[in-house]
Amino acid sequence: MLEIVDVTMSFDGITVLDHISATVGDGEVVALLGPSGSGKSTLLRIVAGLESPDHGTVRISGRDVTAVPTHRRDVGLVFQDEQLFPHRDVAGNVGFGLEMAGVPGDERRGRVDELLELVGLAGFGGRRVTDLSGGEAKRVALARALAPRPAVLLLDEPLTGLDRDLHDRLAREVAGILRSTGTTAVWVTHDRAEADSVADRVIELPAVDR
Amino acid sequence: MLLALAAVPVVFLLVFYAWPFATLLERAISTDAITTTLSRRRTWSVAWFTLWQATASTALTLLVGFLPAYVIARYRFAGRRLLVGLLTSVFVLPTVVVGAALLAVLPESLERGVWAILAAHVIFNLAVVVRVVGVTWEHLPTDLEAAAATLGASPWQVVRTITLPLLRPALTAAGSIVFLFTFTSFGVIRILGTAGTATIEVEIWRRATQLGDIGDAAVLTVLQLVVLAAVLGWATTSQRRHGRALAIRPVAARARPRTTRQRVLVGTTALATAAVVMLPLGALVMRSFRGSDGFSSAAWRNLGRAEVRPGIRLGVDPLDALVRSLQTAAWATLFAVVIGALAALAIAATGRTGRLLDAGVMLPIGTSAVTIGFGMLITFDTAPFDWRASWWLVPVGHALVAVPFVVRTTLTVLRSVEPRLLEAAATLGAAPTRAWRAVVLPNLWRPLTVAAGLATAISLGEFGATSFLSRSGAETMPIAIERLLGRTGTLLQAQGFALASILAAATIVAVLAVELAGRSGDTPTFGPGAGAGDRTDRRDRARDR
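Residues numbered from 1 in each chain as written. Chains lettered and ligands numbered in written order. Predicted model: local features only at pLDDT ≥ 70, side-chain atom pairs only at ≥ 80, totals over all residues. Heavy atoms only, no water.

**Student:** So what's going on with the packing of aromatic side chains? Which residues, and what values?
**Tutor:** Following the criterion strictly, the structure yields 23 aromatic pairs over all chains and no others. Centroid distance Y17(B) to F21(B): 5.7 Å. Interplanar angle 15 degrees. Geometry classified as stacked. Taken together, the residues span about one helical turn, with Y17(B) and F21(B) both in helix α1 (residues 2-28) at a distance of four residues. Of the residues examined, Y17(B) reaches a relative accessible area of 10% and is grouped as buried. When the centroid spacing of 5.7 Å and the interplanar angle of 85 degrees are considered together, the rings of Y70(B) and Y75(B) count as edge-to-face. Judged by its relative accessible area of 24%, Y70(B) falls in the partly exposed class. The buried category is assigned to Y75(B), whose relative accessible area is 6%. Connected via pairs of aromatic rings, a cluster forms that spans F12(B), F16(B), W19(B), F380(B), W387(B) and W392(B). Directly above the ring of F124(A) sits R127(A), whose terminal nitrogen or CZ lies 4.2 Å from the centroid. Lying across the ring of W205(B), R190(B) places its NZ or CZ 3.5 Å from the centre. (Phe/Tyr/Trp six-rings, centres within 6.5 Å; stacked < 30°, edge-to-face > 60°. Helix = DSSP H or I, 4+ residues; strand = E, 2+ residues; numbered from the N terminus. Buried < 20%, exposed > 50% of the residue type's maximum accessible area, 1.4 Å probe, protein only. Lys NZ or Arg CZ within 6 Å of the ring centre and 35° of its normal.)

This is the structure:
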């Protein structure tokens, strides 16, 4: 479970998040909807610990993590532009979190194969990430974030930059994967149709006055 | 037309580069010379010293430069650009000036010898690490590190598994540049070296000009070339192996330091780096005002007087050297710009043959200035090619060193001209030359100005080739500085420091002019990792948040 309590954040005098509170239940997929500039990405980064809020609390599985550094928060984040590690192959990317958690090699390889299968990329382990198509890269990013079984998965506009067809297909697929793995997820988007189709519940962030 | 364009640079290269080089090889490839040189103990101790001081200098420079590179690439802070500018100006300072500055700042017990040499090499080459590594670093998306953190990597693990592997090609590149520079170190060592601390370059000079042992010097030159070729080969293959196609990305957003820890890190790193660079230069100026008892401006007042005491002349006239240097620089700049521009035009206009000329023009950059000067010295010494007394030989030597820079600056711009613009001009009815004049020519003035500034700076500080070619009584500034600092006597030393201060100022002015000319356009100026993307600072900050 993820609880965001009364989070406020401003950049250079502009308040982008004004006393925001939200709760995401276990296994729930919540879409965070808002126009660009509404602070959705910032909220995700605060949950991940990549930014610290001016005010407010973040709790994951009941634990107050507001002051906990990112690598000890047990969150996964799918970046808008994937951020795959260019010097590692597909398996090296997907297995990265397991490596950091000290999972032994054999077990790691098994889990990587399992995840590649899950996202429809069985056999892609040895590929260079720079050779992947847009859709494939998104799948690898998802598999990588899911691999360590995070308590909360954060997706930051995970389907931007795909053509309509692929976008719709992947949206259904990813939503299915989140359900089948019972993942607690926050899905940021500015697209109401996407929000409605993938999420159990939609939270709308108000536009920011500037 | 094209052929005529290419003819001038080709002839220039053949006469002043290829021929001396061939002469050098011919002198070296004699069993006699090879056996005597290689059996000499001194040869091996010199080779060993050259190798280990270069290795140590490289390792130290990478180590010292790592933190400044990080801070400059990743943070926004007051004086950031100033710091980069400062490091770059030190990098373009003449080697004798850097040597003189270290001589000025170090306590007497340390002022000559290995430690002084290593310190000079580190300060000199910091800019290479900061700029070459920094350029890669600032293009590494910070989110890549953020991604690793969300996957459970601690800050140290992020550095080990993400940052270092991705910086590796840049570290190799910076390391090999520093290694090449320090392996062929000449000016710094002539000023700061002792009998036991000679590099191969210095030994070549000593054998050729002090002992008149041409064969020995030629063998050493070839020995050095072999080592350099090996290092270059290794660096190229290693970079190809580890270089990865990092998509070209905008500069990652630089953050203002936020936490106290970040502020302390950025503050101390910036201040310490600035201090390391500023102190020697400050000391240089201070020392020029030192008389036998305290402060004295005697050195400056007596710059134009060759007589130290009535009737005692030293053969070095500081003011005369200054004038000589300016004249030499003017001619060298003219030669280099004309030849370099013609070469660039010919290279850009032709396909495969152009590439050959391109490679030929770049050769002098891979050849040390000492080799160039030495080759010219032993080639142009017999009639009808006895040109040693000609006023133009020194400028030609300088031009040879500067031409590769002129070609690179000009060629980048020539190649970046969108060919479709020419096609557009053609469809609008412009004949080829007319189209060229309308589309390409206006873009050429800026790189040529930049190139001229570069050539001037190079010529003003050139020491390696000049050490062989300059005649006594016609010294350029660097030569005069080395002479003066090598003498005892407070006044002479102070004059040496004064002259070094003037040379430093002149070089920095030339280089600033280059920066200003290059700034408003996209012309990559000089300096390691030129064209570093300082301009894109703010672009990426306006992302969705």
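**Student:** Could you give an account of the domain arrangement of chain B, naming the residues involved and the relevant values?
**Tutor:** Residue and element names in this part refer to chain B. Segmentation of chain B into domains returns domain 1 (1-21 + 316-525) and domain 2 (40-145 + 152-288). Using only C-alpha atoms to locate each centre, domain 1 and domain 2 end up separated by 24 Å. Interface area lost by domain 1 to domain 2 is led by F374, F463 and F497, which between them contribute 23%. Applying the counting criterion to the domain 1 and domain 2 interface returns one salt bridge. The partner of R190 in a salt bridge is E482, and the shortest N-O contact between them spans 3.2 Å. The tally of links from domain 1 across to domain 2 stands at four residue pairs in polar contact (both at pLDDT 80 or more). Per element, the largest residue contribution to the side of domain 1 that touches domain 2 is twelve residues, and it comes from helix α23 (residues 490-519). Residues belonging to the side of domain 1 that touches domain 2 are distributed by class as follows: 16 nonpolar, eight polar and two charged. (Domains from an automatic or database assignment. Buried area = accessible area lost by both parts, 1.4 Å probe. Salt bridge = Lys/Arg side-chain N within 4 Å of Asp/Glu carboxyl O. Polar contact = N/O pair within 3.5 Å; in protein donor to acceptor, adjacent residues only side chain to side chain. Nonpolar A, V, L, I, M, F, W, Y, C, P; charged D, E, K, R; others polar.)

**Student:** Requested: an account of a nonpolar patch on the surface, with residues and values cited.
**Tutor:** Residue and element names in this part refer to chain B. A contiguous nonpolar surface patch, about 420 Å² in accessible area, is contributed by W331, L334, V338 and W391. The topology assignment puts V338 in helix α14 (residues 318-349). Overall, V338 belongs to the partly exposed group, its relative accessible area being 43%. (Patch = residues over 30% accessible without salt bridge, like charges linked within 9 Å, V, L, I, M, F, W, Y side chains within 5 Å. Areas by Shrake-Rupley, 256 points an atom, 1.4 Å probe, with all protein chains shown as cover.)

**Student:** Which residues make up the sheet that holds strand β8 (residues 185-189) of chain A, and what are the values?
**Tutor:** All names here are of chain A. Reading across from one edge, β6-β7-β8-β3-β9 is the order of the five strands in this open sheet, with parallel pairing throughout. The outermost strands of the open sheet, each flanked by one partner alone, are β6 (75-78) and β9 (201-204). Averaged over all neighbouring strand pairs, the angle between strand axes comes to 20 degrees, with direction disregarded. Pairing between β6 and strand β7 (residues 152-156): four bridges, direction parallel. (Pairing = 2+ DSSP bridges. Axes fitted to C-alpha atoms, helices over the stretch in contact; angles between N-to-C directions.)

**Student:** Could you give me a rundown of the confidence of the model for chain B, with the residues and numbers involved?
**Tutor:** All names here are of chain B. Taken over all residues, the pLDDT of chain B has a mean of 84, while the share at 70 or more is 90%. Averaged pLDDT values for the elements of chain B fall to 60 in strand β3 (residues 307-309) and rise to 94 in helix α5 (residues 95-105). Every residue in residues 521-545 is under pLDDT 50, and counting partners more than four places away or in other chains gives 67 contacts. Overall fold confidence (pTM) sits at 0.82, and the ipTM for the predicted complex is 0.93. (pLDDT = per-residue confidence, 0-100. Contact = heavy atoms within 4.5 Å.)

**Student:** Tell me about the pattern of salt bridges, residues and numbers included.
**Tutor:** Counted by the stated rule, this structure contains 28 salt bridges over all chains. Across the salt bridge formed by E3(A) and R59(A), the nearest N and O atoms sit 3.7 Å from each other. Taken as a pair, E3(A) in strand β1 (residues 2-11) and R59(A) in strand β4 (residues 55-60) lie far apart in primary sequence, 56 residues in all. Classification of E3(A) as buried rests on a relative accessible area of 17%. The partner of E203(B) in a salt bridge is R207(B), with the nearest N and O atoms 3.2 Å apart. Of this pair, E203(B) and R207(B) both sit in helix α10 (residues 200-210), four residues apart, which is roughly one turn of that helix.

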